[in-house]
Amino acid sequence: MSRAVPRTGQPAIRLVGSVQRAFALVDVLADADGELGTNEIARRAGLNASSVSRLLATLVAGGLVEHVQETGRYRLGHRLVELGNVVLARLDLRQIARPHLHALVESTGETATLSAQGERDAVTVDFVQSPASVQGVAQLGRPSISHATATGKVLLAFGRRALPPGPLKAYTSAPIWGSNGELAAIIGVQGPATRFDGDAMEAAVEPLLAHARDVSLELGWTGLVRERVR
């Protein structure tokens, strides 16, 4: 009879020492400016050189570390990039952004929205309603006219989109970047024009930009924006 391990829903408390040491080597290579030899890796990790040699061989076999034949040194492997892309692909943008939407409502007193690129316009995919709103100003799935709304203008400015053809009808926010520097979404605040005087508008800009940057970083953005193709 096999003995099943009880499921607690939590990771095991005891850690595997060899795996921890392998992670330490990955961290050493990540902090290095270039390639490193076995002895230098061992020195920086505070480990025995023979143990480091075996760990490096294991990491090379798994693709996490690359052995450079020409120099005999080591550097991080491309497998880490592949794994990172898998993680980024599974991130739920709404789940990441929602705490920031709540924080924006608290700091500005207005409704905070999250929009994504649609086929033509930016489309609201999530929002947190302001307690001061008598009537809802945000609706899921509602498009934002590209040339006439703050969210739509961000889409045109950073989403590599062209203006709609023909004359634009007259009508009386901050970018969220993805891991490759592309426009991933748009975060904004909405409210009655009577509450958005000069001072209120200025007060909303700083937290809006700060939360947009934080969400971008959580999505894997490195601080670089992909150059727009005209």
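Scoring rules and cut-offs
- Residues numbered from 1 in each chain as written.
- Predicted model: local features only at pLDDT ≥ 70, side-chain atom pairs only at ≥ 80, totals over all residues.
- Heavy atoms only, no water.
- Helix = DSSP H or I, 4+ residues; strand = E, 2+ residues; numbered from the N terminus.
- Buried < 20%, exposed > 50% of the residue type's maximum accessible area, 1.4 Å probe, protein only.
- Patch = residues over 30% accessible without salt bridge, like charges linked within 9 Å, V, L, I, M, F, W, Y side chains within 5 Å.
- Areas by Shrake-Rupley, 256 points an atom, 1.4 Å probe, with all protein chains shown as cover.
- Salt bridge = Lys/Arg side-chain N within 4 Å of Asp/Glu carboxyl O.
- Axes fitted to C-alpha atoms, helices over the stretch in contact; angles between N-to-C directions.
- Parallel < 35°, antiparallel > 145°, perpendicular 65-115°, else oblique.
- Contact = heavy atoms within 4.5 Å.
- Nonpolar A, V, L, I, M, F, W, Y, C, P; charged D, E, K, R; others polar.
- Polar contact = N/O pair within 3.5 Å; in protein donor to acceptor, adjacent residues only side chain to side chain.
- Core = buried A, V, L, I, M, F, W, Y, C linked by side-chain atoms within 4.5 Å.
- Pairing = 2+ DSSP bridges.
- Expected span 1.5 Å × (residues − 1).
- Arc of directions from axis to C-beta.

Draft legend 1. Main features of the overall build of the protein chain. In terms of regular secondary structure, the protein chain is built from 7 helices and 7 strands. Ordered by position from N to C terminus, the α and β elements of the protein chain give α-α-α-β-β-α-α-β-β-β-α-β-β-α. Across the 230 residues in the protein chain, those meeting the buried criterion constitute 31%.

Draft legend 2. Summary view of a nonpolar patch on the surface. Residues Val16, Val19 and Phe23 make up a contiguous nonpolar surface patch of about 280 Å² in total accessible area. For valine 16, the position within the fold is in the segment before helix 1 (17-31).

Draft legend 3. Layout of the packing of helix 2 (residues 38-45) against helix 3 (residues 49-61). Two elements in contact, helix 2 and helix 3, have axes separated by 9 Å at closest approach and are oriented at 110°. Taken together, helix 2 and helix 3 sit at an angle that is classed as roughly perpendicular. Here helix 2 contributes Thr38, Asn39, Ile41 and Ala42 to the contact with helix 3, which in turn contributes Ala49, Val52, Ser53 and Leu56. For the contact of helix 2 with helix 3, the class distribution of residues is 5 nonpolar, 3 polar and no charged.

Draft legend 4. Broad picture of the pattern of salt bridges. All chains considered together, the criterion is met by 6 salt bridges. Between glutamate 66 and arginine 75 there is a salt bridge, and its shortest N-O distance comes to 3.1 Å.

Draft legend 5. Expanded view of the side chain of histidine 100. Mapped onto the fold, histidine 100 is located in helix 5 (residues 93-108). The class of histidine 100 is buried, set by a relative accessible area of 10%. Separated by 2.9 Å, the side chains of histidine 100 and histidine 211 make a polar contact. Among residues more than four places away in sequence, those in contact with histidine 100 are His211, Asp214, Val215 and Glu218.

Draft legend 6. Seen up close, the packing of helix 1 against helix 3. In contact at an axis separation of 10 Å, helix 1 and helix 3 are set at 80° when each is read in the N-to-C sense. Put simply, helix 1 runs roughly perpendicular to helix 3. For the pair helix 1 and helix 3, contact is made by Ser18, Arg21, Ala22, Leu25 and Val26 and by Val52, Leu55, Leu56 and Leu59, respectively. Residues that form the contact of helix 1 with helix 3 fall into these classes: 7 nonpolar, 1 polar and 1 charged.

Draft legend 7. Structural view of the nonpolar core. Membership of the largest hydrophobic core comes to 17 residues, with the highest contact counts inside it found for Leu93, Leu101, Leu114, Ile176, Ile187, Val215 and Leu219. Those elements that provide at least two residues to this core are helix 5, strand 3 (111-117), strand 6 (174-177), strand 7 (183-190) and helix 7 (198-218). Among the elements that take part in this core, helix 5 stands out by supplying 6 residues, more than any other. If near-sequence neighbours (up to four positions away) are discounted, valine 215 is found in contact with Leu93, Ile96, Ala97, His100 and Ile176. Counting residues in hydrophobic clusters, the runner-up holds 15 residues, among them Ala22, Leu29, Val52 and Leu56.

Draft legend 8. The pairing of strand 7, seen in detail. Of all 8 residues in strand 7, 6 are buried, a share of seventy percent or more. Note that strand 3 and strand 7 share 5 bridges and pair antiparallel. Looking at strand 7, one finds that alanine 112 is bridged to valine 189. Hairpin connection from strand 6 to strand 7: 5 residues lie between these consecutive antiparallel strands, with glycine 181 at a positive phi of about 80°.

Draft legend 9. Main features of the side chain of aspartate 126. For aspartate 126, the location among the structural elements is in strand 4 (residues 122-128). Here the side chain of aspartate 126 touches arginine 98 through a polar contact of 2.8 Å, side chain to side chain.

Draft legend 10. Structural context of the environment of glycine 77. Looking at the element boundaries, glycine 77 is found in the loop between strand 2 (73-76) and helix 4 (79-90). The exposure class of glycine 77 is buried, given its relative accessible area of 7%. Setting aside anything within four residues of it in sequence, one finds glycine 77 in contact with Gly63, Leu64, Val65 and Glu66.

Draft legend 11. Structural view of helix 3. The end-to-end C-alpha separation of helix 3 is 18 Å, in line with the 18 Å expected for 13 residues at 1.5 Å each. The complete set of buried residues in helix 3 reads Val52, Leu55, Leu56 and Leu59. The arc that holds every buried residue of helix 3, seen down its axis, measures 105°, which confines them to one face. What points out from helix 3, more than 90 degrees from its buried face, is the exposed set Arg54, Thr58 and Ala61.

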